[in-house]
Amino acid sequence: MTEALPHPVPAKRWAYVIPVAAIMYMLAYLDRNNVSVILPYMHGDLALSNADKGLVGGVFFVGYVFLQIPAAILAQRWSARKTVLILMLAWGLAASLSGLVQTKSQFYVARFVLGLFEGGVWPAVLILLASWFPLRERARANALWMACLPLSSVLMAPLSGWMLDHASWRWVLVFQGLPPLLWAVVWWFTVADRPAQARWISRAEAGHLERALAADEAAKPRTGSGSYLDAVKQRPVLVLIGVYFFWITGFYGFNLWLPSVVKEMTHDGSATEVGLLTALPFTVALIVMIANAVWSDRTGRRRQAVAVPLVVGIAALLLGQAVDGALPRMLLLCLTAAALYAPYGPFWAIPGELLRFEVVAVAMGLINALGNLGGFAGPYLVGWLTDATGSSVTGFAVLSAFLAVAVVLVALGLRPAAGPVRRPAGLTAEEGA
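Residues numbered from 1 in each chain as written. Predicted model: local features only at pLDDT ≥ 70, side-chain atom pairs only at ≥ 80, totals over all residues. Heavy atoms only, no water.

**Observations concerning the overall build of the protein chain**
For step 1, the next point in the chain: When you go through the protein chain residue by residue, the secondary structure sums to 20 helices and zero strands.
For step 2, the next point in the chain: Here the protein chain holds 433 residues, and 60% of them are scored as buried.
For step 3, the next point in the chain: Taking the intrachain contacts of the protein chain between residues at least 6 apart in sequence as the baseline, contacts between residues at least 24 apart amount to 85%.
For step 4, the next point in the chain: On the protein chain, roughly 16200 Å² of surface is accessible, and the fraction owed to carbon and sulfur atoms is 68%. (Helix = DSSP H or I, 4+ residues; strand = E, 2+ residues; numbered from the N terminus. Buried < 20%, exposed > 50% of the residue type's maximum accessible area, 1.4 Å probe, protein only. Contact = heavy atoms within 4.5 Å. Areas by Shrake-Rupley, 256 points an atom, 1.4 Å probe, with all protein chains shown as cover.)

**Observations regarding the packing of aromatic side chains**
For step 1, the next point in the chain: With the rule as written, the count across this model stands at 27 aromatic pairs.
For step 2, the next point in the chain: Arranged with centres 5.5 Å apart and planes meeting at 70°, the rings of Trp-247 and Phe-347 form a pair that is edge-to-face. Here Trp-247, found in helix 12 (residues 235–265), pairs with Phe-347, found in helix 16 (residues 344–354); they are 100 residues apart in sequence, far enough to count as distant.
For step 3, the next point in the chain: Ring pairing ties together the aromatic residues Tyr-25, Trp-122, Trp-145, Tyr-244, Trp-247, Phe-251, Phe-282, Tyr-341, Tyr-344, Phe-347 and Trp-348, which thus form one cluster.
For step 4, the next point in the chain: Looking at Arg-81, its charged tip hangs above the ring of Trp-188, at a distance of 3.6 Å from the centre. (Phe/Tyr/Trp six-rings, centres within 6.5 Å; stacked < 30°, edge-to-face > 60°. Lys NZ or Arg CZ within 6 Å of the ring centre and 35° of its normal.)

**Quick look at the side chain of Thr-336**
For step 1, the next point in the chain: Here Thr-336 is to be found in helix 15 (residues 326–341).
For step 2, the next point in the chain: When its relative accessible area of 1% is taken as the criterion, Thr-336 is described as buried.
For step 3, the next point in the chain: Non-local contacts of Thr-336, meaning those with residues more than four positions away in its chain, are made with Phe-254, Gly-313, Ala-316 and Leu-317.

**Some words on helix 15**
For step 1, the next point in the chain: For helix 15, with 16 residues, the first-to-last C-alpha span of 22 Å sits near the 22 Å given by 1.5 Å per residue.
For step 2, the next point in the chain: Here helix 15 has its buried residues at Arg-329, Met-330, Leu-332, Leu-333, Cys-334, Thr-336, Ala-337, Ala-338, Ala-339, Leu-340 and Tyr-341. (Expected span 1.5 Å × (residues − 1).)

**Notes on the nonpolar core**
For step 1, the next point in the chain: Counting residues in hydrophobic clusters, the biggest one holds 126 residues, and the most contacted among them are Trp-122, Trp-145 and Tyr-344.
For step 2, the next point in the chain: It is helix 12 that provides the largest number of residues to this core, a total of 16 residues.
For step 3, the next point in the chain: Beyond its immediate sequence surroundings of up to four residues, Tyr-344 is in contact with Trp-122, Met-146, Leu-149, Tyr-244, Trp-247, Ile-248, Phe-251 and Met-289. (Core = buried A, V, L, I, M, F, W, Y, C linked by side-chain atoms within 4.5 Å.)

**Some remarks on the packing of helix 3 (residues 68–97) against helix 4 (residues 104–118)**
Axis angle and axis distance: for two packed helices, these are the angle between their axes and the distance between the axes, and together they describe the pair.
For step 1, the next point in the chain: Packing of helix 3 against helix 4 leaves a shortest axis separation of 8 Å and a crossing angle of 165°. Classified by the angle between their axes, helix 3 and helix 4 sit roughly antiparallel to one another. With respect to the hand of their crossing, helix 3 and helix 4 are arranged in left-handed fashion. Contacts between helix 3 and helix 4 pair Leu-87, Ala-90, Trp-91, Ala-94 and Ala-95 from the former with Val-113, Leu-114, Phe-117 and Glu-118 from the latter. (Axes fitted to C-alpha atoms, helices over the stretch in contact; angles between N-to-C directions. Parallel < 35°, antiparallel > 145°, perpendicular 65-115°, else oblique. Left-handed = near helix turned anticlockwise from the far one by under 90°.)

**Describing the packing of helix 14 (residues 302–320) against helix 15**
For step 1, the next point in the chain: The interhelical angle for the contact between helix 14 and helix 15, taken along N-to-C directions, is 155°, at an axis separation of 8 Å. With respect to helix 15, the element helix 14 is oriented roughly antiparallel. As helix 14 packs across helix 15, the resulting crossing turns out to be left-handed. Here Pro-309, Leu-310, Val-312, Gly-313, Ala-316, Leu-317, Leu-319 and Gly-320 of helix 14 come into contact with helix 15, specifically with Arg-329, Leu-332, Leu-335, Thr-336, Ala-339 and Leu-340.
For step 2, the next point in the chain: Looking at the contact of helix 14 with helix 15 residue by residue, the class counts come to ten nonpolar, three polar and one charged. (Nonpolar A, V, L, I, M, F, W, Y, C, P; charged D, E, K, R; others polar.)

**As for the environment of Ile-23**
For step 1, the next point in the chain: The topology assignment puts Ile-23 in helix 1 (residues 12–38).
For step 2, the next point in the chain: Sequence separation between Ile-23 and Leu-151 is 128 residues; the distance between their C-alpha atoms is 9.5 Å.

**As for the pattern of salt bridges**
For step 1, the next point in the chain: Considering all chains together, one arrives at five salt bridges under this definition.
For step 2, the next point in the chain: Note that Arg-13 is salt-bridged to Glu-137, the shortest N-O span being 2.8 Å. With Arg-13 in helix 1 and Glu-137 in helix 6 (residues 135–146), this residue pair connects regions lying 124 residues apart in the sequence. Pair check on accessibility: Arg-13 and Glu-137 agree, each one buried.
For step 3, the next point in the chain: A salt bridge links Arg-140 to Asp-297, with the shortest nitrogen-to-oxygen separation between them at 2.7 Å. Here Asp-297 lies in helix 13 (residues 271–299) and Arg-140 lies in helix 6, a separation of 157 residues in the sequence.
For step 4, the next point in the chain: By relative accessible area, which is 27% here, Arg-140 ends up partly exposed.
For step 5, the next point in the chain: Here the salt bridges do not stand alone but share partners, grouping Arg-140, Asp-297 and Arg-302 into one network. (Salt bridge = Lys/Arg side-chain N within 4 Å of Asp/Glu carboxyl O.)

**Focus: a nonpolar patch on the surface**
For step 1, the next point in the chain: On the surface, Leu-74, Trp-78 and Ile-86 cluster together to form a nonpolar patch covering roughly 310 Å² of accessible area.
For step 2, the next point in the chain: Here Trp-78 shows up in helix 3. (Patch = residues over 30% accessible without salt bridge, like charges linked within 9 Å, V, L, I, M, F, W, Y side chains within 5 Å.)

**Focus on the confidence of the model for the protein chain**
A low pLDDT score tells you not to read the predicted coordinates there in detail.
For step 1, the next point in the chain: Residues with a pLDDT of 70 or more make up 89% of the protein chain, whose mean pLDDT is 81.
For step 2, the next point in the chain: The lowest-confidence element of the protein chain is helix 20 (residues 429–432), averaging 33 in pLDDT; the highest-confidence one is helix 9 (residues 179–190), averaging 94.
For step 3, the next point in the chain: Contacts for the low-pLDDT stretch residues 416–433, under 50 throughout, to residues beyond four places or in other chains number 39 contacts. (pLDDT = per-residue confidence, 0-100.)

**Some words on helix 19 (residues 393–413)**
For step 1, the next point in the chain: Compared with the 30 Å implied by 1.5 Å per residue over 21 residues, the 30 Å span of helix 19 between its first and last C-alpha is a close match.
For step 2, the next point in the chain: Of the residues making up helix 19, those classed as buried are Gly-395, Phe-396, Leu-399, Ser-400, Phe-402, Leu-403, Ala-406, Val-407, Val-410 and Gly-413.

**What to know about the environment of Ala-307**
For step 1, the next point in the chain: When you line up the elements, Ala-307 lands in helix 14.
For step 2, the next point in the chain: In this structure, the C-alpha to C-alpha distance between Ala-307 and Leu-409, residues 102 residues apart in sequence, is 9.1 Å.

Structure follows, in structure tokens:
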């Protein structure tokens, strides 16, 4: 998005920032989602009903709300690097301590506290990436970082299953809380808040990035007075909150109960077998997620890159409740997972196209905070409806309805304003996407 350079600009940021951030959040996602693999193998410990299990998965997201906006503002005004470091240390300790609970109520509290500390990491990293990757690279950068979500499940579901076959669920939780404490050291010595502060980047690359990011900001429309309140009152921001809530309700409702569905398909297979099979849908999701982000950056069609996969997910989720046979059901689980993960990169590129850097932090924090309440609604709804009806069919049908609302909001609510940012003169479609 800047003038042509005589020589290709180095791109070390892709090899330094993205992998370190991805592994960091992969560990966070492990500590968040390992409970989905553990719950089917608690064997009556803590006397959890299906509704209780849904609440264990969902209460995490109640705590997740509180530090979203404060952490986003800290990352933008103070330091994303330091904000994430503090939260990483706190969530690692909270994750390990959750293995020591003795009652159902203590388990709820432990999951709430884990969500509290993990909550600020997502918007803080988005702010960090916004300082390293221009808009024409943003969906790809987001998707490569967010690839840690399915990749975490690909790697950690089998690992959790294997650990459960050799240790109690308590020890699994304790041990899986330790890696973030170690990775915090790597984070501190590798990541910088902006290119000018990094020791490993060339001055040519740093200067190129500074000019590209400045051009992005200059191309954005002014947001009223420039205040946080003025930014988040914009119609597209409110629509994005709604889209994210209804999408995430379906997303986490599916994710939490996926290992239970696989366990049923295997006729109560071992934890290792269930973990390995659970990894298959997430492997497909990883590939589709990155491919969709690349297409989104090349074309600038953010809205379609979000809505079309969700439509596919609705169809796959409903068909999965109607077919018999392990192979067709597994294929539909793979299709559902791919469809629900695919929108991540394009969706999180949209706020940066709509809002200037000084206000985008609080907007993304608010979108993530309120949207992730769907992470409470989805798992709990499926568990409660399974207890009430004796079948998971009703719960997954409700998740499909939530996803349908997200599609309608994307198609109708974002139509006027969520297109690509105005491109400076002389840019090609691919360069400005």
